[in-house]
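Here are the chains, one letter per residue:
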Amino acid sequence: MKKDVSSVFPSSYSPEFVESSWYEWWEKEGFFRPEQHDHLPQRTDQIFSLCIPPPNVTGSLHLGHALTVAVEDALVRWRRMQGCRVLWVPGCDHAGIATQAVVERRLFGTKGKRRQDFTREEFLQEVWKWKNEKGDEIYQQLRRLGASLDWSRARFTMDPGFSSTVTEAFIRLCDSGLIYRSEGLVNWSCALQSAISDIEVDWKELCGKTLMFVPGYEKPVEFGTMFTFAYPVEGLEAEVVVSTTRPETMLGDVSLAVHPDDPRYQAFHGKQVRHPFTNRLLPIITDTAVDMELGTGAMKVTPAHDHVDFLLSQRHSLSHLSVIEGDGRMSPLCGPWLQGVRRFDARQLVIDALIEKRLFRGEKSHAMTLPVCSRTGDIIEPLLKRQWFLRCNRMAEKAVQAVEDGELQIVPPHYAKTWKNWLCNISDWCISRQLWWGHQIPAYQVQIVGSTNKIQEQWVWGRSEEEARSRAASRYGVKPEDVILTQDPDVLDTWFSSGLFPFAMLGWPEQTPDLKDFYPNSLLETGSDLIFFWVARMVMLGTELTGRLPFRQVLFHPLVRDKYGRKMSKSLGNVIDPLDVIQGVSLQRLQEKVKEGNLDPREQLVAMEAQKKDFPKGIPQCGTDALRFALCSHRLQGEDICLSVSQVLSCRHFCNKMWQTLKFTLGVLGENSAPVSTLKETVPAGSVERWICSRLYSTVLQCEQAFEAYELHVVTSALYSFWVHNLCDVYLEYVKPVLAQPEERAGIQKNTELGVSRSQEARSVLFHCVSVSLTLLSPFMPFITEELWQRLQPFTPTAPAHSSLSMQPYPRSSQLEHWHFSEEEENFLLVQEVIRVARSLRARCGLTKEKPSMWAVCSPSQAQVLLHFGAAVQTLGRMSSLQLYCPDREGTQLSVCSTPPPEGSLVGVVDHTCTVHLHLQDGVNVEKQILQLSQKRGKLVLKLEELLCRLQSPDHLTKVPAHVRQQMDKKLSDLRQELETIEDQLELLQKTQGGR
């Protein structure tokens, strides 16, 4: 049901009041569906389609999501209002690792059971139960942000239809030879007992020795230590000393490597060292990849547990020894003394054994980067595992070529270099995960009944077990009933299914009408941090599987950081929930959220202290519109966005400015029965009317150009500037006296062409300036603009094109060409400077209510401009009159020219040919002004002395928190500045008094 706006207009802006009900009406009416296109009078043949980067089903939205929604929805609403046929598809990612971890924690907390206590089917039932309870929360948050998505086409990556698409993609890629199974080194989480993707690895910088809590360990584990030990050289009275931060892996060493040009090891080329615990002989090899300056210049080679060593082993055909198993315990290869010992417990046992054998050479603190699982906090262990991989080289070449040929446009263009560098050095992608939640890999291990062939790992794949059985029978020349199949228990990487989203959401592989109409997508908009993990993979998979690029343009936005420029992190306490900004939250609730999280107690204290500093009174209610406008006000094609709540709050103040403008406008329109002229019929005659109309034309033109270039910050800046600085600060202040005059007096000056009075003209201009501005702002601030536009409709001169502002035609500069008066815009710049200088002179003298006479000493051409805008100068400059004086009047026809300004006048400079003069003797009580300012100065001096006393206290630096000291220092600076201004005013007034 549509919101009733016939009630009394509330006196003040309330986000909660404004943002209620509108979204439900939009969604119910189907305004966000492409089928609505047929009902738009402004419809065009152009199509605009895109998908939202599907957020994880587990989570709640963060500011990165809010930025994505704000940007995409602004573009979507703009294109829809332009008349494009728009499809914006919502989706949700099943988030394999994250969801499984959440459900496992829940089961352990509620039932005291681990995943292994359930069968796979039982556990998956629990996951679906959780998803059905919680999975809709993310969609409700998107609605709260005003995202105009077509909910009838929402896609969840584990839905049956989407799952069929994933299976089809896997089968086709296997059939083409791009997917293969092999042994490779992967990022392994021992806590999850699964391979994980690079994006799920956090790199923690350590300055040196650091104690960290690791899942499964009761006591903290030490990292950031470099251990050094020796390998005896076989047949020589010599040793080679190596250093490592992971001594437990030395059981898997298969070689030592040195640089061929390192003089320290020339005599050892081709020699061997003996392993102190396994008695194996390890060759000393040479390789130019060895860094002679790092450590001792000799490195231990452990191919099964280090990515660099793995590549080196491939060049030198070295063996691979896995000494750490998937559960994080040492393998049988280590011997009975270490087998089954946890990896970090084994570390100390290895050190003790080296000391006992007199091979330990010491340890020291060492700065390093530690890979940590973002989901569990576990330390990532590189392990050698048989996995499914996707060959990427050929697909990557096509993706690079698409950008170079201009088929795929990347915005900002500097990311094209990053794109090429990564894709040209791409590795094959490990796409299998050892989880239960996700798309189970449609591949089956084959056994043949009665076969004595013990060939390991024979695999087939199929869309169903029946198809796989048929394929196996055909491949091995046996009957289908003689084939025994065992489906791979692993699931596909979540990023694999996400990479199919642009065409899977449209029904691929079926040739659906949506696929025909909306594929390729027009645009992909996402964060720059997903360029590799998602965007490049979508381009590779889309091109390979559909034969076409999945989208024509990629628009990257930067990361959102806190106001200090730091990455947002729960441990820093600087993560901001968009809903907290929208509806407001107390400090107490913010701190409760930290306690409800999974931070360790020390990190909790740090986070809570940071919150006390940044949000001592919590976060005030700002509303969705203010948050969206603030996010879009940052330059998308620049550096990372440093967002503070104060910026959002200033946008809320802008919302209030809009609200008060409408309150005034509705009052003006409601007081007069004369109808408002149509936009086409409104031809402004007054000087200020012509200026404000031309400013609106220029603003519309600026919005058109900036929207096309994806420079949303230019659009928001132009709209804010017009509404606040042009409409409110100038036109409304100017027009109030005009509208306040009785009709017979206001109508003295008429637009003779149309026969309308000044007040009638002002009402029409005001109506259209407000109405057009609301339409321009609608893509950014959908709630407040809909509310205000609906309240304005009873006064519209023509029936609107649609019942909702969100479907109205977006203003075009071509519609407003009759409002383009470039000379007025240019000339008014002088007027504004004169007004600014006049107000400055008034402030310097402490004048508040008085309206003195002023003089402008200027050139004849400037005098003509000031005369043309005389009423505006007097009204906005708050002067009783403005006298014009031109020292150089030769050859001019200026009809109004006064005598020079009186001696002793105060002077303000506008430019090199124009000055403004204020003579205080004219109607100004100087003695009264001096008395008021002296009293004010006395109060400020007392405040300043009191503050200085507190600042000079012996305990100030030690007992007062840093953020409080900063506030006090700022207050001190402000007081001194205010005192200095009053001293200047008093000096001027006293000089004037003395000159009388």
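Residues numbered from 1 in each chain as written. Predicted model: local features only at pLDDT ≥ 70, side-chain atom pairs only at ≥ 80, totals over all residues. Heavy atoms only, no water.

### Concerning the overall build of the protein
As a reminder, the rule being used: Helical segments are the DSSP runs of H or I of at least four residues, strand segments are the runs of E of at least two, and each set is numbered from the N terminus. The rule is simple: take the accessible area with a 1.4 Å probe, protein chains only, and divide by the maximum for that residue type; under 20% is buried, over 50% is exposed, in between is partly exposed. Contact criterion: two residues are considered in contact whenever any of their non-hydrogen atoms come within 4.5 Å of each other. Accessibility throughout is a Shrake-Rupley quantity obtained with a 1.4 Å probe, and a residue counts as covered only by protein chains that appear here. Positive charges come from Lys and Arg alone, negative charges from Asp and Glu alone, with His and the N- and C-terminal ends not counted. To locate a charge, take NZ of a lysine, CZ of an arginine, CG of an aspartate or CD of a glutamate.
Along the protein, the regular secondary structure elements total 32 helices and 35 strands. Principal-axis analysis of the C-alpha atoms places the extent of the protein at approximately 115 × 75 × 60 Å. Across the 996 residues that make up the protein, the buried fraction comes to 54%. Sequence-distant contacts in the protein: of pairs separated by 6 or more residues, those separated by 24 or more amount to 76%. Accessible surface for the protein amounts to roughly 44,700 Å². Of this, 49% is attributable to carbon and sulfur atoms. Of the side-chain charges in the protein, 110 are positive and 120 negative, and the distance between the mean point of each set is 3 Å.

### Notes on helix 18 (residues 587-596)
Worth spelling out the cut-off: Within this analysis, the arc is defined by the directions that extend from the helix axis to the C-beta atoms.
Restricting attention to buried positions, one finds in helix 18 the residues L587, L590, Q591 and V594. End-on, the buried residues of helix 18 take up no more than an arc of 95°, which puts them together on one face. Helix 18 presents Q588, K595 and E596 as exposed residues on the side facing more than 90 degrees away from its buried surface. The secondary structure elements touched by the buried residues of helix 18 are helix 17 (578-583) and helix 19 (601-614).

### What to know about the environment of A101
Locating A101 in the fold gives a position in helix 4 (residues 96-111). You can call A101 buried: its relative accessible area is 10%. In this structure, the C-alpha to C-alpha distance between A101 and L50, residues 51 residues apart in sequence, is 31 Å.

### Thoughts on the packing of helix 25 (residues 758-777) against helix 26 (residues 782-792)
To keep things clear, this is the line we draw: With axes taken as lines fitted to C-alpha atoms, and helix axes fitted only over the stretch in contact, angles between N-to-C directions fall between 0 and 180 degrees. Every angle not falling under 35 degrees, over 145, or within 65 to 115 is termed oblique; those three ranges are roughly parallel, roughly antiparallel and roughly perpendicular. Two helices that cross are described as forming a left-handed crossing if the nearer one is turned anticlockwise from the farther one by less than a right angle, and a right-handed crossing if clockwise. When residue character is reported, Ala, Val, Leu, Ile, Met, Phe, Trp, Tyr, Cys and Pro are called nonpolar, Asp, Glu, Lys and Arg charged, and the others, Gly included, polar.
At a minimum axis separation of 9 Å, helix 25 and helix 26 run at an interaxial angle of 150°. Between helix 25 and helix 26, the interaxial angle falls into the category roughly antiparallel. In this structure, helix 25 crosses over helix 26, and the sense of that crossing is left-handed. On the side of helix 25, the interface is formed by F767, V770, S771, L774 and L777, while helix 26 contributes T785, L788, W789 and L792. For the contact of helix 25 with helix 26, a count of residues per class yields seven nonpolar, two polar and no charged.

### So, the nonpolar core
Just so we agree on the cut-off: To qualify as a nonpolar core, a set must consist of buried Ala, Val, Leu, Ile, Met, Phe, Trp, Tyr and Cys residues joined through side-chain atoms within 4.5 Å.
Residues L75, W723, Y731 and F780 are the most contacted members of the largest nonpolar core, which totals 161 residues. Filtering out sequence-adjacent residues up to four positions away, W723 remains in contact with F654, K657, M658, T661, L662, C728, V770, S773, L774 and L777. Counting 62 residues, the second largest nonpolar core, distinct from the first, contains F162, I171, L524 and F551.

### Things to note about the environment of R791
Threshold: Polar contacts, as used here, are pairs of N or O atoms within 3.5 Å; protein pairs need one atom able to donate a hydrogen and one able to accept it. Residues neighboring in sequence count only if both atoms are side-chain atoms.
Locating R791 in the fold gives a position in helix 26. Placed 630 residues apart in sequence, R791 and G161 show a C-alpha to C-alpha distance of 44 Å. Other than its neighbours up to four places away in sequence, R791 contacts V5, S7, V8, F9, P10, F17 and L666. A distance of 3.1 Å separates a polar side-chain atom of R791 from the backbone oxygen of V5. Here the side chain of R791 touches S7 through a polar contact of 3.1 Å, landing on its backbone oxygen.

### A word on the packing of aromatic side chains
Keep this limit in mind: The criterion for an aromatic pair is that two Phe, Tyr or Trp rings (for Trp, the six-membered ring) have centres within 6.5 Å, with stacked assigned to planes under 30 degrees apart, edge-to-face to planes over 60 apart and tilted to the rest. When the NZ atom of lysine or the CZ atom of arginine is within 6 Å of a ring's centre and also within 35 degrees of its normal, the charge is said to sit over that ring.
Counted by the stated rule, this structure contains 36 aromatic pairs. The structure contains a cluster of three or more aromatic residues connected by ring pairs, namely W78, F629, F654, F707, Y720, F780 and Y810. The ring centre of F17 lies 4.4 Å from the NZ or CZ of K3, which sits over that ring. Between the NZ or CZ atom of R690 and the centre of the ring of F821, over which it lies, the distance is 3.9 Å.

### Comments concerning the side chain of S813
You can see S813 is positioned in the loop between helix 26 and helix 27 (822-844). Relative accessible area serves as the criterion here: at 11%, S813 is assigned to the buried category.

### A look at unusual backbone geometry
Between W508 and P509 the backbone carries a cis peptide bond, its omega angle lying at 10°. By the secondary structure assignment, P509 is in the loop between helix 14 (501-504) and helix 15 (513-518). For the bond running from Y519 to P520, omega is 0°, close enough to zero to count as cis. Inspection of the secondary structure puts P520 in the loop between helix 15 and strand 26 (521-527).

### Looking at the sheet that holds strand 22 (residues 443-448)
Which entries qualify depends on this criterion: Paired strands, in this sense, are two strands between which DSSP finds at least two bridges.
Here we have three strands laid out as an open sheet, ordered 23-22-24, and antiparallel in their pairing. A strand with exactly one partner marks an edge of an open sheet, and here the two such strands are strand 23 (459-461) and strand 24 (483-487). Averaged over all adjacent pairs, the angle separating strand axes in this sheet is 40°, with direction ignored.

### Describing the packing of helix 20 (residues 624-632) against helix 26
At their nearest, the axes of helix 20 and helix 26 sit 7 Å apart, and the two run at 125° to each other. One finds that helix 20 runs oblique with respect to helix 26. Residues T624, D625 and R628 of helix 20 form the contact with helix 26, whose own contacting residues are P782, F783 and I784. When the residues that make up the contact of helix 20 with helix 26 are grouped by side-chain class, the tally is three nonpolar, one polar and two charged.

### Re the confidence of the model for the protein
To be explicit about the condition: Residue-level confidence of the predictor is what pLDDT reports, using numbers from 0 through 100.
With 95% of its residues at a pLDDT of 70 or more, the protein shows a mean pLDDT of 90. Here residues 744-755 scores under 50 on pLDDT; set against residues more than four positions off or in separate chains, the count is 18 contacts.

### Observations regarding the sheet that holds strand 20 (residues 429-430)
If you trace the four strands from one edge of the open sheet to the other, you get 6-5-18-20, paired in antiparallel fashion. This sheet does not close on itself; its edge strands, each paired only once, are strand 6 (194-195) and strand 20. Sheet topology places strand 18 (residues 381-390) next to strand 20; two bridges connect them, and they run antiparallel. Along strand 20, the bridge assignment pairs F389 with C430.

### Some thoughts on the pattern of salt bridges
Put simply, the test is: Between Lys or Arg on one side and Asp or Glu on the other, a salt bridge is scored when a side-chain nitrogen of the former is within 4 Å of a carboxyl oxygen of the latter.
Summed over all chains, the structure comprises 51 salt bridges. Among the salt bridges present, the one from R85 reaches D517, with a minimum N-O distance of 3.5 Å. Of this pair, R85 sits in strand 2 (residues 85-89) while D517 sits in helix 15, placing them 432 residues apart in sequence. Linking E218 and R342 is a salt bridge whose minimum nitrogen-to-oxygen distance equals 3.6 Å. Highlighted residues: E218 in the loop between strand 8 (210-212) and strand 9 (221-223) and R342 in the loop between helix 8 (307-316) and helix 9 (343-356), separated in sequence by 124 residues. Overall, the relative accessible area of 63% leaves E218 in the exposed class.

### Re a positive patch on the surface
To keep it simple, the criterion reads: Only residues whose relative accessible area exceeds 30% and that form no salt bridge are eligible for patches; like-charged ones are grouped when within 9 Å, while nonpolar side chains (Val, Leu, Ile, Met, Phe, Trp, Tyr) are grouped when within 5 Å.
A grouping of K939, K943, R950 and K971 is seen on the molecular surface, where their side chains present a positively charged patch. Among the elements that line the positive patch, the one with the most residues is helix 30 (residues 926-951), at three residues. Position of K971 relative to the elements: it lies in helix 32 (residues 962-994). Look at K971 and you get partly exposed, because its relative accessible area is 48%.

### Concerning the pairing of strand 11 (residues 239-244)
Direction of pairing for strand 10 (residues 225-232) relative to strand 11: antiparallel, over a ladder of six bridges. By the bridge assignment for strand 11, Y231 is matched with V240. Hairpin geometry of strand 10 and strand 11 is characterised by an intervening segment of six residues between the two adjacent antiparallel strands and by a positive phi of about 85° at G235.

### Re the state of the cysteines
Just so we agree on the cut-off: In this description, the term disulfide denotes a pair of cysteine sulfurs within 2.5 Å.
In this structure the tally under the stated criterion is zero disulfides. We note that C622 lacks a disulfide partner, and the nearest cysteine sulfur, in C651, lies 8.9 Å from it.

### Observations regarding the side chain of T99
Within the element layout of this structure, T99 appears in helix 4. Classification of T99 by relative accessible area gives buried; the value is 1%. The contacts of T99, once residues within four sequence positions are left out, are V57, T58, H94, V127, W130 and W437.

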